Structure formats: C-alpha cells, structure tokens
Amino acid sequence: MSDVQTVRGPVDTSALGKVLMHEHVFVLGTEMRENYANYPNTWDEDARVADAVAKLTELTSRGIDTIVDPTVIGLGRYLPRIQQINAQVDINIIVATGIYTYNDVPFQFHFTGPGLLFDIAEPMVELFIQDIREGIAGTGVKAAFLKCAIEHPGLTPGVERVMRAVGQAQVETGVPITVHTSPGTQSGLVAQKVLAEEGVDLSKVVIGHSGDSTDLDYLCALADAGSLLGMDRFGLDVLLPFEERVNTVAEPARRGYAEKMVLAHDASCFIDWFDADAKEQAVPNWNYTHISDDVLPALLERGVTGEQITTMLVDNPRRYFEAR
Ligand SMILES: [Zn+2]
C-alpha cells in the first residue's frame, strides 16, 4: 500500500490503472498572453477549459486512468485551472515541481543562492520541497514528482543548478524525477551522472524523450544504469517517424527491457508555442489518443505482448511512484 498525490488528493498506487507518463494539459506563457493577446493564438479561457475537459474525457474512453503532467515553472503551471478541469473529468492527474530551462535559471534565482549576491541556501530546493510536502501555491495540491531538463546546450551552469536542486529535493523527499533530455546529444547520460552525484537512486528517474532516438546502445546503457526510458513523444513524427518510434519500443521489449519503458505522447490540450493550425498540419497525430488507437496495435503486430504493454502502462508507473 502506497499513496501518490494527485490533483484530487492521494490515490493508492494500485488504483492508478493505465498511466500515460508524460502529458501536459496546457503549456502556456502567461506574460506573453498578457501583452500580446493574439500571438500566436487568441486565448479564450472558457473555451480552452471546455476543450480540455472534452479531450481528457475522450482519453478516458480509451481506458486510460491517469496522466502524469510535468508542467513546471517555465511551462506555465497553474493549478486552479487544472483543478477546475479535473472536477469535470474522472481521471487522475499527477503534477510536478521543478524548473524547465535549456540554458539559464529564471531571474528570480539569478542573484539569489549559494555564492551569489544574496548568499543563501539554494532557494529552489526549499520551493520544490514546499510544493511536495505542503502543496502548490495554496491549492493544497501536492507535487508527486520533480522535473528538470537538459537539451542540446548541455550542462550549462543554469541547467546544472536546477538539476542538482532537483536531485537534492529527491533525496530529501523520496519522490521520483523526470528529466527532459535530448537523445541526439546523449544528455540522458549526463543527467544520470549529475543526479547520481547528488545521491539519487536512478531507478527513480525517467529519462524523458528517449523515444526520439533509434540508438539502442545509448538507450540500453540508460536502462542498464537503472532508469526508465520515456518513450513519450508518440505523434511527434517530425522528430522521429511513427515506424521508427514503434520499433524503438518493440526491439527493446524483445530484448527484455519492457520493465524499463513507459509510454506517452508529450501532448497537450493546448500549447501556445505554435500557431494552433500550423501545429495541427505539422503533427496531426500529436494528441492523447494516438497511443491507444495506433501505437498499441502496431506494437502487438511487432510481437510485443499484451503482458509487456501492461508492464509499460501499469506496473512501471506504479513502481515508480511507490515510496521506497
Ligand atoms: Zn513535456
């Protein structure tokens, strides 16, 4: 018996059911919207909430019970809107704390921290722990995992600072981590090294966006070090086409790695990084139901067993969120 925190409160990990391990509800830049109301899209609060309710309801119709939403600072996290949506859809939404950057820390941290102008203990660690233990921004909703990123620029001073703070908060609280990585630069290996230096148990880490790669040597090395591979961008076919994404799950499964993979789309109901119509044209399959409708049948065709699919959708997420 072990509870995991969700938007609606604690849920026993045995009740999480089928889990998509990396889906956003919204990815938004509030400051842009407050200044440029029509770029790149016009925001209509009521319409966007209703659309999210409809899309999440459609997802539950496919038998998915839980989404894990790594929307943290830098991606527009705003819990009251997520609570409003979740009140209208029967789905578990597990939320995160952390900071999303490929380069620098936000200016709210730039001058404040160890060895800086305002020389205090790392404030990120304290904020992350507060989100996990007390809840996020007075909502009472507690973060159940941590998130950081390491992209093409690699381990910049800002990326390293966030990653070490995430590692320290993990060790203090025991909640797991997901890392946005870029397999093209093998940045998952760097994340494993830094997090291990902070004392993190690598079995508590998802190496996100691993499914953008076909480099099985790289992927097996990450899994052999203990981490879960996030095969989590199904539908983002511009980055890696459908067939190759499916094969990058089927072949590791054949080699015995089903216990080291989790599935998702990294989709959202709405993301303001792109013009909505242009996005729909470029990546028409980048939505919540692509795995249920297209990917799972394709995996079965390639010899992945129903049992292995259950391992990836149910057992691995449950174990990941189970307290040590
Ligand atoms: Zn994401």
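Please read all numbers here as calculations on a predicted model, not as lab measurements.

Calculation criteria
Residues numbered from 1 in each chain as written. Predicted model: local features only at pLDDT ≥ 70, side-chain atom pairs only at ≥ 80, totals over all residues. Heavy atoms only, no water. Phe/Tyr/Trp six-rings, centres within 6.5 Å; stacked < 30°, edge-to-face > 60°. Helix = DSSP H or I, 4+ residues; strand = E, 2+ residues; numbered from the N terminus. Buried < 20%, exposed > 50% of the residue type's maximum accessible area, 1.4 Å probe, protein only. Lys NZ or Arg CZ within 6 Å of the ring centre and 35° of its normal. Pairing = 2+ DSSP bridges. Right-handed = clockwise from strand over helix to strand, strands pointing away. Contact = heavy atoms within 4.5 Å. Salt bridge = Lys/Arg side-chain N within 4 Å of Asp/Glu carboxyl O.

Q: For this particular structure, what's the right way to read the packing of aromatic side chains?
A: Aromatic ring pairs are defined here through the distance separating the ring centres and the angle between the ring planes. Overall, the coordinates contain eight aromatic pairs when judged by the stated rule. Between the aromatic rings of phenylalanine 274 and tryptophan 286, the centroid separation amounts to 6.5 Å while the plane-to-plane angle is 65 degrees, which identifies the pairing as edge-to-face. Separated by twelve residues along the polypeptide, phenylalanine 274 in the loop between strand 12 (270-271) and helix 10 (276-282) and tryptophan 286 in the loop between helix 10 and helix 11 (290-301) bring together distant segments of the chain. The class for tryptophan 286 is buried, based on a relative accessible area of 9%. Ring pairs connect the aromatic residues Tyr100, Tyr102, Trp273, Phe274 and Trp286, which therefore count as one cluster. Across the ring face of tryptophan 43, the terminal group of arginine 33 is positioned such that the distance to the ring centre comes to 4.3 Å.

Q: Is there a simple way to think about the pairing of strand 7 (residues 145-150) in this case?
A: Along a regular strand, successive side chains alternate from one face of the sheet to the other. Buried residues dominate strand 7, accounting for six of its six residues. Residue alternation in strand 7 divides its side chains into two sets, Phe145, Lys147 and Ala149 and Leu146, Cys148 and Ile150, and both sets are buried. Of the pairings in the sheet, the one linking strand 6 (residues 92-98) to strand 7 comprises three bridges and is parallel in character. For glycine 98, the partnering residue across the bridge sits in strand 7 and is lysine 147. Alignment of strand 7 against strand 8 (residues 177-181), held across five bridges, turns out to be parallel. Residue pairing in the sheet places isoleucine 150 in a bridge with threonine 181 of strand 8. Once you follow strand 7 into helix 6 (residues 157-173) and on to strand 8, the crossover reads as right-handed.

Q: Can you help me understand the pairing of strand 9 (residues 205-208) in this one?
A: Burial along strand 9 is two-sided: Val205 and Ile207 facing one way and Val206 and Gly208 facing the other are all buried. As defined by bridge partners, strand 8 adjoins strand 9 across four bridges and the pair is classed as parallel. Directly across from valine 179, in strand 9, lies its bridge partner isoleucine 207. Following the chain from strand 8 across helix 7 (residues 187-197) to the adjacent parallel strand 9, one finds a crossover that is right-handed.

Q: Sorry, what's going on with the sheet that holds strand 8 here?
A: Strand pairs in the sheet, formed through backbone hydrogen bonds, run parallel or antiparallel to each other. The parallel open sheet is built from eight strands, whose spatial order is 3-5-6-7-8-9-10-11. Every interior strand has two partners, whereas the edge strands, strand 3 (19-20) and strand 11 (261-263), have only one.

Q: It is not clear to me how the environment of valine 179 should be interpreted in this structure. Could you clarify?
A: Here valine 179 is to be found in strand 8. Among the residues examined, valine 179 registers a relative accessible area of 1% and is labelled buried. Residues valine 179 and leucine 28 lie 151 residues apart in sequence; the distance between their C-alpha atoms is 19 Å. Excluding residues within four positions of it along the chain, valine 179 makes contact with Cys148, Ala149, Ile150, Met163, Ala191, Leu195, Val205, Val206, Ile207 and Gly208.

Q: Just checking my understanding: could you explain the pattern of salt bridges for this structure?
A: Between side chains of opposite charge, a pair can form as their charged atoms come close. The full count for this structure, using the stated rule, is 20 salt bridges. Arginine 62 serves as the salt-bridge partner of aspartate 293, at 2.7 Å between the closest nitrogen and oxygen. Of the two residues, aspartate 293 is situated in helix 11 and arginine 62 in the loop between helix 2 (45-61) and strand 5 (66-69); the sequence distance between them amounts to 231 residues. Between glutamate 160 and arginine 164 there is a salt bridge, with the nearest N and O atoms lying 2.9 Å from each other. Placement of the pair is glutamate 160 and arginine 164 together in helix 6, with a separation of four residues, close to one helical turn. The exposure class of glutamate 160 is partly exposed, given its relative accessible area of 25%. Several salt bridges converge on common partners, so that one network encompasses Glu160, Arg164, Lys193, Glu197 and Glu198.

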